[in-house]
Amino acid sequence: MSVLNKPIYITNTKSHKKELFQPITPGKVKMYSCGPTVYGLIHIGNLRAAMTADLFYRFFLRFGYDVTYVRNYTDVDDKIIKRANEEKVTSDQVTRRYIAEVEKDYALAGLSEPNHKTTVTDHMPEIITMVGKIIENGKAYTADDPQGFDPTAKEVFFAIDEFPTYGQLSGKKLEDLRAGERVEVNSKKKNPADFSLWKPAKVGEPSWDSPWGKGRPGWHIECSAMACKWLGDRMDLHHGGEDLVFPHHENEIAQSEAATGTHPYVNYWVHNAFLNFDGEKMSKSLGNIVSARDFLAQYGGEITRMLFLNVHYRSQFDINPAMMDQAITNLERLYEAKKKAEEVRAKKLSMPDPRAEQVWGGFMIDCDRARNSILDHYANDLNTPGALSEIFTLAREWNRCSAEPNAVNTPTAILAANEFIKVIEEEIGSVIGVGRAAPDAILGKIQEIRLKRAQNEGRETLTDGEIETLLQQRRDARAQKNFKRSDEIRDELLLKGVEIKDSPQGTTWVRK
Ligand code: AMP
Ligand code: ZN
């Protein structure tokens, strides 16, 4: 049972089942997420992964847990070395630059800061100690590398034959792996599926001193060493994109359990599905990679979060224009309702009205029910689309109630407005991370996006000044009871993407 007294279910990649979440220590959660390799700007797929980890973190905090969240940056990698050589700078300069850039994107996307942000280069002693421990425990061996830069340096391999539970996460069988790897000719390995824990240095590559000569760590060992340093031999939850299940996470389990002798290393494995672009996987060869930087510059953090989190983290999804429109419209509706609620909340004068009090009494019950349902959706394997549908329903209900005659001028309306805002901010804002901003900022951004889009598509648009001029002409026409002209102006505006709304307070307009 969680601190909020609701049972939490999480789909464990290991069992493919929703499992009841039980933390190792009551009230505490230890979680680790595999972060990006820092050799360039991250793309929106990487951002989806980071946002999934952030979602879990925010969720556990909302459910009252004391959370320790570790996220790494892979700053030793072939791609980094290649980039550094191309740019004639050091690997260190490449990684420092891109860590700073990635952090800018994360901040724009509203991601929370983990408790520990780790890098491989800062954990070399821990990595070397762990590799030594695995050798000591008889689950890794060294091999000569006579062609290497330092002929005395050795390569260290993990011996999967010494780890019978290899395959526990991905379900892969040792025999199949062996068969699959038959073509590989690496005489240094005892089993073709053995993987490298430590690689001898090559000319022009960064390297570190170790008991096996100068070298650098294999890819997988970094996460084992960093997770064990900050979270201990066992953690509650480990996250990554679905491509990391095999071999990265399978190997991480093998390394950590071989070094510490503790099983299981991780109680709950969670993986987000991939994000594709208009039906295609994002890839360099297709030239359809969208950087998080460009996407966030265009849409901002809240639309991005609304788009990503209106899909369950385990469902693959495709960004296409229809989905973008849906996310923008959803966010607009939420903030329009919030704006109205803020106006009602700010009212100084109120007049009791028995019919309206009854309506709002019903709405207050809806608020309670929505709050509870939103939390139930979160507790059900982080069902964010379910939680969002609850808040959209509540916003519709708010609009319906506030449209009742005299309803917004009553004392209970003020209480109801306050409650509605609290449900948005406390339940949606805390976990999904939308709804806490000032409505005008978000609604203004949406208007900007729509104008830009219309211009890009070559549609006829109007400037704010032109719209105001037409509205003045319409007011004049109406004052002269020339309703035909007034309607013509309304139609002309609509044709140019501007919708107007008349209310007792005057006429407002939005771009659609
Ligand atoms: P990398 O920098 O390639 O190690 O990726 C960083 C994180 O992004 C990992 O957790 C990957 O699994 C994840 N990832 C990469 N591409 C995508 C994608 N298209 N959709 C979702 N997650 C992704
Ligand atoms: Zn990792």
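As a starting point, this report considers the structure included with it. Everything numeric here is computed off the predicted structure, so don't read it as measured data.

Parameters at a glance
- Residues numbered from 1 in each chain as written.
- Chains lettered and ligands numbered in written order.
- Predicted model: local features only at pLDDT ≥ 70, side-chain atom pairs only at ≥ 80, totals over all residues.
- Heavy atoms only, no water.
- Disulfide = S-S within 2.5 Å.
- Buried < 20%, exposed > 50% of the residue type's maximum accessible area, 1.4 Å probe, protein only.
- Salt bridge = Lys/Arg side-chain N within 4 Å of Asp/Glu carboxyl O.
- Helix = DSSP H or I, 4+ residues; strand = E, 2+ residues; numbered from the N terminus.
- Pairing = 2+ DSSP bridges.
- Axes fitted to C-alpha atoms, helices over the stretch in contact; angles between N-to-C directions.
- Contact = heavy atoms within 4.5 Å.
- Donors = N, O, S within 2.8 Å, 3.2 Å for Na, K, Ca; no water.
- Near = heavy atom within 4 Å.
- Polar contact = N/O pair within 3.5 Å; in protein donor to acceptor, adjacent residues only side chain to side chain.
- Nonpolar A, V, L, I, M, F, W, Y, C, P; charged D, E, K, R; others polar.
- 1 Å grid on protein atoms, 1.4 Å probe; cavity = no way out; pocket = protein on both sides within 12 Å on 5 of 7 lines; lining within 4 Å.
- Points joined across faces, edges and corners; volume = space filled by probe spheres on them.

## Comments concerning the state of the cysteines
For step 1, the next point in the chain: The final tally for this structure, using the stated rule, is zero disulfides.
For step 2, the next point in the chain: Free cysteine: C401, not disulfide-bonded; nearest cysteine sulfur from C367 at 9.0 Å.
For step 3, the next point in the chain: We classify C401 as buried; its relative accessible area is 1%.

## Thoughts on the pattern of salt bridges
For step 1, the next point in the chain: Scanning the entire structure with this criterion turns up 43 salt bridges.
For step 2, the next point in the chain: Two residues, K188 and E155, come together in a salt bridge whose shortest N-O distance is 3.1 Å. Of this pair, K188 sits in the loop between α5 (174-180) and β8 (195-200) while E155 sits in strand β7 (residues 154-158), placing them 33 residues apart in sequence.
For step 3, the next point in the chain: Put simply, K214 and D209 hold a salt bridge, and the shortest N to O gap is 2.8 Å.
For step 4, the next point in the chain: The partly exposed category is assigned to K214, whose relative accessible area is 35%.
For step 5, the next point in the chain: D209 gets classed as exposed once you look at its relative accessible area, which sits at 58%.

## Observations concerning the sheet that holds β8
For step 1, the next point in the chain: Taken together, the four strands give an open sheet; going across it, the order is β6-β7-β8-β9, and neighbouring strands pair in antiparallel fashion. Either end of the sheet is taken by a strand with one partner, and the two such strands are β6 (140-144) and β9 (215-217). In this sheet, neighbouring strand axes are inclined to one another by 25° on average, regardless of whether the strands run parallel or antiparallel.
For step 2, the next point in the chain: Bridging between β7 and β8 involves three bridges; their strand directions are antiparallel. Following the sheet pairing, F158 is matched in β8 by F195.
For step 3, the next point in the chain: Sitting on the sheet, helix α7 (residues 245-260) touches β7 and β8, and the angle it makes with β8 is about 80°.

## Observations concerning the coordination of the zinc ion (ligand 2)
The expected angle between donors at a tetrahedral four-coordinate metal is 109.5 degrees. At an octahedral six-coordinate metal it is 90 or 180 degrees.
For step 1, the next point in the chain: Protein coordination at the zinc ion (ligand 2): the donors are C34 (SG), C223 (SG) and H248 (NE2), at 2.0 to 2.2 Å from the metal.
For step 2, the next point in the chain: Mapped onto the sequence, the donors of the zinc ion (ligand 2) take the spacing C-x188-C-x24-H. Taken together, the residues span a long stretch of sequence, with C223 in helix α6 (residues 221-231) and H248 in helix α7 at a distance of 25 residues. In terms of burial, C223 and H248 fall into one category: buried.

## Overview of the site of ligand 1
For step 1, the next point in the chain: Ligand 1 sits among 16 residues. The nearest are T37, G45, G241, D243 and L275.
For step 2, the next point in the chain: With respect to ligand 1, the backbone of T37 contributes an N or O atom lying 3.0 Å from an oxygen atom.
For step 3, the next point in the chain: N272 has a polar side-chain atom sitting 3.4 Å from a nitrogen atom of ligand 1.
For step 4, the next point in the chain: For the shell around ligand 1, the elements supplying multiple residues, two or more each, are α1 (44-62) and β10 (235-241).
For step 5, the next point in the chain: Residue contributions to the shell around ligand 1 peak at three residues, all from α1.
For step 6, the next point in the chain: Grouping the constituent residues of the shell around ligand 1 by class yields seven nonpolar, eight polar and one charged.

## Some remarks on the environment of E397
For step 1, the next point in the chain: By the secondary structure assignment, E397 is in helix α11 (residues 384-402).
For step 2, the next point in the chain: Each C-alpha atom, one on E397 and one on C367, is 9.6 Å from the other, the two residues being 30 residues apart in sequence.
For step 3, the next point in the chain: Leave out the neighbours within four places in its chain, and E397 touches F363 and D366.
For step 4, the next point in the chain: There is a polar contact of 2.7 Å between the side chain of E397 and the side chain of R400.

## Some thoughts on the sheet that holds strand β5 (residues 116-119)
For step 1, the next point in the chain: Taken in spatial order, the five strands of this open sheet run β5-β4-β3-β10-β11, and their pairing is parallel. Looking at the sheet topology across the chains shown, the edges are occupied by β5 and β11 (266-272). Across this sheet, the average inter-strand angle for adjacent strands is 20°, counted without regard to direction.
For step 2, the next point in the chain: Of the pairings in the sheet, the one linking strand β4 (residues 66-73) to β5 comprises four bridges and is parallel in character. By the bridge assignment for β5, V70 is matched with H116.
For step 3, the next point in the chain: Of the strands in this sheet, β3 (28-33), β4, β5 and β10 are in contact with α6, which crosses β4 at around 150°.

## Quick word on empty space enclosed by the protein
For step 1, the next point in the chain: Scanning all chains against the criterion turns up one cavity of 30 Å³ or more.
For step 2, the next point in the chain: Empty space within the largest cavity amounts to approximately 40 Å³.
For step 3, the next point in the chain: Taken together, R48, M51, T52, L55, F308, L309, V311 and Y313 make up the lining of the largest cavity.
For step 4, the next point in the chain: Looking at which element gives the most residues to the lining of the largest cavity, the answer is α1, with four residues.

## Details of the environment of K139
For step 1, the next point in the chain: In this fold, K139 is placed in the loop between α4 (124-136) and β6.
For step 2, the next point in the chain: Among the residues examined, K139 registers a relative accessible area of 22% and is labelled partly exposed.
For step 3, the next point in the chain: Each C-alpha atom of the pair K139 and G218 lies 16 Å from the other, and the pair is 79 residues apart in sequence.
For step 4, the next point in the chain: A distance of 3.5 Å separates a polar atom in the side chain of K139 from the backbone oxygen of E162.

That's the geometry; what it means functionally is another story.
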